[in-house]
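# Descriptive analysis of the structure
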Amino acid sequence: MAIYGLMSEAHSFWYAKKPFYADVLKDNMDQSGVLLWVKAEPFIVGALQVPPPSKFSLHYLRKISTYVRIRATEGAYPRLYWSTWRHIACGKLQLAKDLAWLYFEIFDSLAVKTPEERLEWSEILSSCTSEDEVEKQRNQLSVDTLQFLLFLYIQQLNKVSLRTSLIGEEWPTPRNRSQSPDLTEKSSCHNKNWNDYSHQAFVYDHLSDLLELLLDPEQLTTSSHSTNSSLVSREAVVALSFLIEGTVRRARKIYPLHELALWQPLHTESGFSKTSKTFSFCKLQSWLRACLTGNPFGTSACLKSGKKLAWAHQVEGTTKRAKIACNTHVAPKMHRMVVMSQVYKQTLAKSSDTLVGAHVKIHRCNESFIYLLSPLRSVTIEKCRNSTFILGPVQTALHLHSCDNVKVIAVCHRLSISSTIGCIFHVLTPTRPLILSGNHTVTFAPFHTHYPMLEDHMARTGLATVPNYWDNPMILCRENRDTSVFRLLPPCEFYVFIIPFEMEGDTTEIPGGLPSAYQKALGQREQKIQIWQKTVKEARLTKDQRKQFQILVENKFYEWLINTGHLQQLDSLVPPAAGSKQAAG
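Every value quoted in this text rests on a predicted model; they were computed, and no experiment measured them. (Residues numbered from 1 in each chain as written. Predicted model: local features only at pLDDT ≥ 70, side-chain atom pairs only at ≥ 80, totals over all residues. Heavy atoms only, no water.)

## A short note on helix α6 (residues 115-126)
The first and last C-alpha atoms of α6 sit 16 Å apart over twelve residues, in line with the 16 Å expected at 1.5 Å per residue. For α6, the complete set of buried residues consists of Arg118, Ser122 and Leu125. Taken down its axis, α6 places every buried residue within 65° of arc, on the same side. Across from the buried face of α6, at angles greater than 90 degrees, the exposed residues are Glu116 and Glu123. In this structure, the buried residues of α6 make contact with α5 (97-110), α7 (131-138) and α17 (454-461). (Helix = DSSP H or I, 4+ residues; strand = E, 2+ residues; numbered from the N terminus. Expected span 1.5 Å × (residues − 1). Buried < 20%, exposed > 50% of the residue type's maximum accessible area, 1.4 Å probe, protein only. Arc of directions from axis to C-beta. Contact = heavy atoms within 4.5 Å.)

## Notes on the confidence of the model for the chain
Summarising the model, the chain shows a mean pLDDT of 86, and 84% of its residues fall at 70 or more. Per-residue pLDDT stays below 50 along residues 578-584; that stretch engages in eleven contacts with residues further than four places along the chain or on separate chains. (pLDDT = per-residue confidence, 0-100.)

## A short note on the packing of aromatic side chains
Scanning the model with the defined rule gives 21 aromatic pairs in all. On the numbers, 4.9 Å between centres and 90° between planes, the contact of tyrosine 371 with phenylalanine 501 is edge-to-face. Taken together, the residues span a long stretch of sequence, with tyrosine 371 in strand β14 (residues 369-372) and phenylalanine 501 in the loop between β23 (486-488) and α18 (516-538) at a distance of 130 residues. Grouping aromatic residues by their ring pairs yields a cluster made of Trp82, Trp85, Trp101, Phe104, Phe107, Phe148, Phe151 and Phe242. When the ring centre of tryptophan 101 is taken as reference, the NZ or CZ atom of arginine 138 above it lies at 4.0 Å. (Phe/Tyr/Trp six-rings, centres within 6.5 Å; stacked < 30°, edge-to-face > 60°. Lys NZ or Arg CZ within 6 Å of the ring centre and 35° of its normal.)

## What to know about the nonpolar core
By size, the foremost hydrophobic cluster in this structure holds 89 residues, and its most contacted members are Leu36, Trp85, Phe148, Phe151, Val203, Trp287 and Leu288. With nine residues, the single largest contributor to this core is α5. Residues lining this core come from more than one domain, with at least three contributed by each of domain 1 (198-291) and domain 2 (299-514). Apart from residues lying up to four places away in sequence, phenylalanine 148 is in contact with Leu80, Trp85, Tyr103, Phe104, Phe107 and Val143. (Core = buried A, V, L, I, M, F, W, Y, C linked by side-chain atoms within 4.5 Å. Domains from an automatic or database assignment.)

## Notes on the sheet that holds strand β7 (residues 272-273)
Ordered in space as β4-β8-β7, the three strands form an open sheet in which the pairing is antiparallel. Two strands in the sheet have a free side with no partner beyond their single neighbour: β4 (231-233) and β7. Bridge count for β7 against strand β8 (residues 278-280) is two bridges, and the pairing is antiparallel. Note that in β8 the partner of phenylalanine 272 across the bridge is phenylalanine 279. In the packing of helix α15 (residues 281-291) onto the sheet, the strands contacted are β4 and β8, and the crossing angle to β8 comes to about 75°. (Pairing = 2+ DSSP bridges. Axes fitted to C-alpha atoms, helices over the stretch in contact; angles between N-to-C directions.)

## What to know about the pattern of salt bridges
Scanning the model with the defined rule gives 15 salt bridges in all. Put simply, aspartate 108 and lysine 113 hold a salt bridge, and the shortest N to O gap is 2.9 Å. (Salt bridge = Lys/Arg side-chain N within 4 Å of Asp/Glu carboxyl O.)

## Things to note about empty space enclosed by the protein
Within the structure shown, the criterion is met by two cavities of 30 Å³ or more. What the largest cavity holds in volume is close to 160 Å³. At the level of elements, α2 (41-46), α5, β15 (378-382), β17 (394-401) and β18 (407-418) are the ones that each hand at least two residues to the lining of the largest cavity. At four residues, the largest contribution of residues to the lining of the largest cavity is made by β17. (1 Å grid on protein atoms, 1.4 Å probe; cavity = no way out; pocket = protein on both sides within 12 Å on 5 of 7 lines; lining within 4 Å. Points joined across faces, edges and corners; volume = space filled by probe spheres on them.)

## Here we look at the sheet that holds strand β5 (residues 244-248)
Working definition: the strands of a sheet are paired by backbone hydrogen bonds and lie parallel or antiparallel to each other. Within the open sheet, the three strands sit side by side as β1-β5-β6. Their pairing is antiparallel. Each edge of the sheet is formed by a strand with only one pairing partner; in this case those strands are β1 (34-38) and β6 (255-256). Where β5 meets β6, two bridges bridge the pair, whose relative direction is antiparallel. The residue of β6 that forms the bridge with glutamate 245 is proline 256.

Structure (structure tokens):
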């Protein structure tokens, strides 16, 4: 069967629509016309931004690789069930059960599932009345064993290296000489999860280990290494498609690695044998190294050649200009990105197809209010200060790093935070928020807003209102497990948040409602307002007194707006002048 008919039109390759990308790909094609790259999503969403457990080293993963094949009939291979992984992780690797589940669940969240399937799982969990019932339901879950091993291995991306700590950067490699560009034209991709050069260098430098991890035990020496005669199974190459994909000349489509490797014209290069139905380890590795190049859908390509947008309007007196780039107008599903930087003293509000299903990175924003009211794939907020972010449902991960005095309001599958100070999180989430290293004065509070399309967007991302673990964070840092690092917002400090935009849709209230203590606090505050209004009415003020009283109240209110910073928020909602330039998208 010709490779051109293997993939659906949903993966139509977009460089035909974008000439400069076509040129990039053409320049990087090897002689066989094949281009391979490392996928971004496993690293953006899947690599937890914390040093991995020491037991996730190659030595132990090789042991697991052998063990699961021996226990194939016990729910270990080719599908690894939660009960078996729990036994391996807790019994053999000595991990805590919560940590074992965390990695299992993160990987499961990367699997291709319909929103209906995810909502059904939420419904099952919410109906459980005990921990034993939850565990019984979890025992029915399974993941692809070989892909899960690769997933555990790429957690090494954020491993603390003594060499890196001393010199400040990795040693240069042939695939890692150029730096990832930033919207400021400076390199600031210390976050390896978003640095496609780091993804490429990681896979290129560890390719031999990754392949050996997938080998059948009989293909390894007693010291668990490959030989010149080692053979790689077809299933192993299918598993490697978790990390690598590519295209061929004139195909205009994206293919998983295994479909390219099994394509008949490439058998000689990839080392596939029709007789044994296996690949030569040496030939496969050489072919992969020769074809691996930069990700045409990665952050670097988006910043360098993606579409530039101007969503935020300039506030009088500010000189900085918001920088926003995206590839969503041309990138296939699962490859869409929006990167924004330097939004300063501005209000940015958007609900559009440009954002739907996109990985969003928000970088170095200050004193701003950002509304992204569309269903999102993932969101990373980094190095932002004194800002508020109101997000549409985030299907996978919402991560904050190195932020000060930031408020985040979101429905998300998972929240994780690192190196934050004085941040407040109003979230609705079916998983426990992760407190990683370096956080101070963290506040968690219930989700407290809505917009007309919210419930529709939640359904599209497979996010339900229950279960909701906003108030049960998991501390995951070695240096400090003190629960004083966070607090739950006292009900007396709680207010609802009103989104000040008109939109079409059916949602008219906060999905799932509010916890009783917070609802009660709102009721008591409303009662005080009614008593105050009654007192004013019964005071029987004269016309002049009412006018004087009104001026006094307005002055006090204006003073409060200034002191709290809310005046800037209101001023920034004023539409820009008719002549100001706004970009579509």
